Structure formats: C-alpha cells, structure tokens
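Fold and geometry: a report
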Amino acid sequence: LFVENNLRRALTQNELEVYYQPKLCLKTGQLTGLEALLRWLHPEKGMINPDQFISVAEETGLIIPIGKWVARQACRVSQELAALGMGEVQVAINLSPKQFTDPDLVGSIAAILDEEQLPPHLLELELTESLLLEGTDDTRQQVARLKALGLTLAMDDFGTGYSSLSYLKKFPIDVIKIDRSFIKDIPENQDDMEITSAVIAMAHNLKLKVVAEGIETAAQLAFLRRHKCDVGQGYLFDRPISSRELIERLRRYP
Ligand code: G
Ligand code: G
Ligand code: MN
Ligand code: NA
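Residues numbered from 1 in each chain as written. Chains lettered and ligands numbered in written order. Predicted model: local features only at pLDDT ≥ 70, side-chain atom pairs only at ≥ 80, totals over all residues.

1. Section: the overall build of the protein chain
Condition: Where helices and strands are cited, they refer to DSSP runs of H or I of at least four residues and of E of at least two residues respectively, numbered from the N terminus. In this treatment the radius of gyration is a C-alpha quantity, and the globule benchmark scales as 2.2 Å times the residue count to the 0.38 power. The contact rule is simple: place each C-beta atom from the backbone, and if two of them lie within 7 Å, those residues are in contact.
Summing up its helical and strand segments, the protein chain has 11 helices and 10 strands in all. Expected size for 254 residues packed as a compact globule is a radius of gyration near 18 Å; at 18 Å, the protein chain falls within 12% of this value. When its C-alpha atoms are laid out on the principal axes, the protein chain stretches across 45 × 45 × 35 Å. Across the protein chain, contacts joining residues at least 24 apart in sequence account for 66% of those joining residues at least 6 apart.

In structure tokens:
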C-alpha cells in the first residue's frame, strides 16, 4: 500500500525518471540504440529500482499511464540525440503484458509518435516471450498493429522462457535480446557459449538482429564479436544513466 499510494504521487509529482542504457554496434563501437529503464527518485528513500515497484504498477494498472509517459520521454531523447548530430538512435521501451490490456495502447503509441514526430522505426518495443506465447488473439493483433505502424519489435530475455527459434517465424519480431544469464559465465561455461553462438547463427538465418545483454567483461565482448553478434549492452560499456549524463558522455562514442 505504501508503494501504491506513493507511486500515484510519483507520476504526478515528477518523481519518476527514465534512465537510458546505451546499446553499441559490436562491429564499429558506435552508439546504435538505448534501452529506457524506469527509476523512481523518491524524496526520502532515494533511488528505487523497477524490480521494487513495477509489479505494483502492473497490479494497480498504473503501468498504463506510466508506460505512455516513458514512451514519450523515449521519443524525445531520440529526437534530442538527432539534433546533437548523433544520427538515428533507436530507443527501446519495455512493455509488460498488462499494458496490452489497455484497448488504447496502439492508438496512444501512434499518437505519441505523431506528436513527437519520430520516425516509427526509431521506437523499439521490448516484449516478453510470455506475451507472445501465452497472449490472447487480441494481444497478438495489437502486436501486429504496432508492427504495421513501423515500430521495431524485440523479444526480450530470450531463452529464459519456452520459446524456440521456430516460434519466432510466427511473430513479427525484428530483434532478439539474448538474456544476460547466458552471457554472464562466458568464457568459463562451455554450454552457455554453445547456446549463445547457436542462437546468434540461427537468428541470423531468420534475418533477425541479435542483441546481447549484460556484457561485463572484455572476454565476453571478444566472444560475441567473434560470433558476429550485432549489438551489445552491459556494464562494460555503460550502466543505465540519466539523459543528461548520456548527453555529457556522447563524445566517448565514435
Ligand atoms: O533497470 P533494471 O535492470 O533494474 O530493470 C529491471 C526490470 O524492470 C527489467 O526487467 C525491465 O524490463 C523492467 N522495466 C524497467 N523499466 C520499465 C518500464 O518502463 N516499463 C516496464 N513495463 N518495465 C520496465
Ligand atoms: O529484463 P530487462 O532485460 O529489461 O532488464 C534489463 C536490466 O538489466 C536492467 O535492470 C539493467 O540495469 C540490467 N543490466 C544491464 N546491463 C547489465 C550488466 O551488464 N550486468 C547486470 N548484472 N545487469 C545489467
Ligand atoms: Mn529489456
Ligand atoms: Na532483458
């Protein structure tokens, strides 16, 4: 109840902030994208991470207005980077299954893209395996409409659920994100290396782009580059940072 009452206030009192974690092209080192990750800057408790409030936001439905706000912030950051001469930087937002219970989800995203004048492919949606595999027909229709708007669709946390690459052909997915649990024990764990290299190869055969998350070491990076993983994200490059900090650090990217 504490979190619920205060979360309502957080949204109206500007206590929420979107942090952005850079995604780099593993071939060139260039900044290609960002993942938007919500933070709650509580006036007394300090910074609260999403694992402590996203589930409450989902249960109370607050995730619906919060998600729209995150989408708008994400569009603005991409525009801001373009204005600073960074070219096209895709910004990804996470969508939880609860957000698909909103009949206005697709309409509101279309309106935000239009109002912020962002080319639709620059907004990426990170979807969960359970949404696609266990979702209703209605959910799958919404996903198809989002794809038809021209958005980029990514499957998040790939490998942790029940998906297989054959399922991916059925859904209009552009990108898969290999879950960081497969990355963290590279190069010690032979099985994780086999799985990761096989996922990259099969994804490429299906014309999907591959992002590896949770890259923390140079050895992991070398392995992923050797196997032609397209994009990387992780503490080795950057933690999630505020948009202000991101802009200050832009010169570090080629
Ligand atoms: O930033 P961090 O690694 O603590 O994020 C933890 C989890 O919270 C991640 O799984 C992420 O998908 C989820 N999350 C972060 N921001 C958002 C958001 O804006 N919307 C939704 N639905 N989930 C988010
Ligand atoms: O579930 P999702 O993939 O959306 O969650 C992303 C989460 O992963 C964020 O909470 C982010 O802070 C975290 N994260 C990002 N990079 C790394 C990393 O290199 N190591 C670890 N341990 N966590 C990371
Ligand atoms: Mn994610
Ligand atoms: Na993930």
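2. A short note on the site of ligand 1
What counts here: The rule is simple: place the C-beta atom from the backbone, and if it lies within 6 Å of a molecule or strand, the residue is near it. In the scheme used here, Gly and all other residues not listed as nonpolar or charged are polar, with Ala, Val, Leu, Ile, Met, Phe, Trp, Tyr, Cys and Pro taken as nonpolar and Asp, Glu, Lys and Arg as charged.
Taken together, 14 residues lie around ligand 1, and L37, L38, P50, N94 and S96 are the ones closest in. For the shell around ligand 1, the secondary structure elements donating two or more residues are β2 (31-42), α3 (63-83) and β4 (90-94). The leading source of residues in the shell around ligand 1 is α3, at three residues. Split into classes, the residues belonging to the shell around ligand 1 amount to nine nonpolar, four polar and one charged.

3. Considering the nonpolar core
Worth spelling out the cut-off: Any set of buried Ala, Val, Leu, Ile, Met, Phe, Trp, Tyr and Cys residues joined through C-beta atoms within 7 Å is what this text calls a nonpolar core. Exposed residues have 12 or fewer other C-beta atoms within 10 Å of their own C-beta, buried residues have 20 or more, and residues in between are partly exposed; the C-beta atoms are placed from the backbone.
Within the largest apolar cluster, 69 residues are counted, with the highest numbers of intra-cluster contacts made by A36, A74, V91, A154, I176 and V210. If one sorts the elements of this core by residue count, α3 sits on top with nine residues. Not counting chain neighbours up to four residues away, the residues in contact with I176 comprise A154, M155, F158, L168, A203, L208 and V210.

4. With respect to the site of ligand 2
Near ligand 2 you find 14 residues, and of these N94, G214, E216, G234 and Y235 are the closest. Of the residues belonging to the shell around ligand 2, the class tally is four nonpolar, five polar and five charged.

5. A look at the environment of Y20
Mapped onto the secondary structure, Y20 falls in strand β1 (residues 16-25). A count of 26 C-beta atoms within 10 Å places Y20 in the buried class. The sequence separation of Y20 and S243 amounts to 223 residues, and the corresponding C-alpha distance is 6.6 Å. Ignoring anything within four residues of it in the chain, the contact list for Y20 reads L34, E35, A36, V77, P240, I241, S243 and L246.

6. Describing helix α4 (residues 105-116)
To keep it simple, the criterion reads: For a helix, the expected span equals 1.5 Å multiplied by the number of residues minus one.
Taking 1.5 Å as the rise per residue, α4 with 12 residues should run 16 Å; its terminal C-alpha atoms sit 17 Å apart, in good agreement. Contacts made by the buried residues of α4 are with α3, β5 (123-127) and α6 (137-148). Among the residues trailing α4, Q117 stands out with phi positive, at a value near 55°.

7. Details of the packing of α3 against α4
Quick note on the threshold: The angle between two axes is taken between their N-to-C directions and runs from 0 to 180 degrees, where each axis is a line fitted to C-alpha atoms and a helix contributes only its stretch in contact. Working rule for angles: under 35 degrees goes down as roughly parallel, over 145 as roughly antiparallel, 65 to 115 as roughly perpendicular, anything else as oblique. Each crossing is labelled by how the near helix is turned from the far one, with a counterclockwise turn of less than a right angle marking it left-handed and a clockwise turn marking it right-handed.
Running from N to C, α3 and α4 cross one another at 30°; their axes reach a closest spacing of 10 Å. Judged by the inter-axis angle, α3 sits roughly parallel to α4. Remark: the crossing between α3 and α4 carries right-handed chirality. Across from K68, A71, R72, C75, R76 and Q79 in α3, the residues of α4 making contact are S108, I109, I112, L113 and E116. Tallied by class, residues from the contact of α3 with α4 come to five nonpolar, two polar and four charged.

8. As for the environment of G161
Residue position: G161 is located in the loop between β6 (152-158) and α7 (165-168). Look at G161 and you get partly exposed, because 18 C-beta atoms sit within 10 Å. Considering only alpha carbons, one finds G161 and S130, 31 residues apart in sequence, at a separation of 7.1 Å. In contact with G161, other than residues within four places in its own chain, are E129, S130 and L133.

9. Focus: unusual backbone geometry
Following I186, the chain continues into P187 via a peptide bond in cis, with omega recorded as 10°. Backbone geometry at K207 places phi at a positive 65°, although glycine is not the residue there. As for its position among the elements, K207 is in the loop between α9 (190-205) and β8 (209-212).

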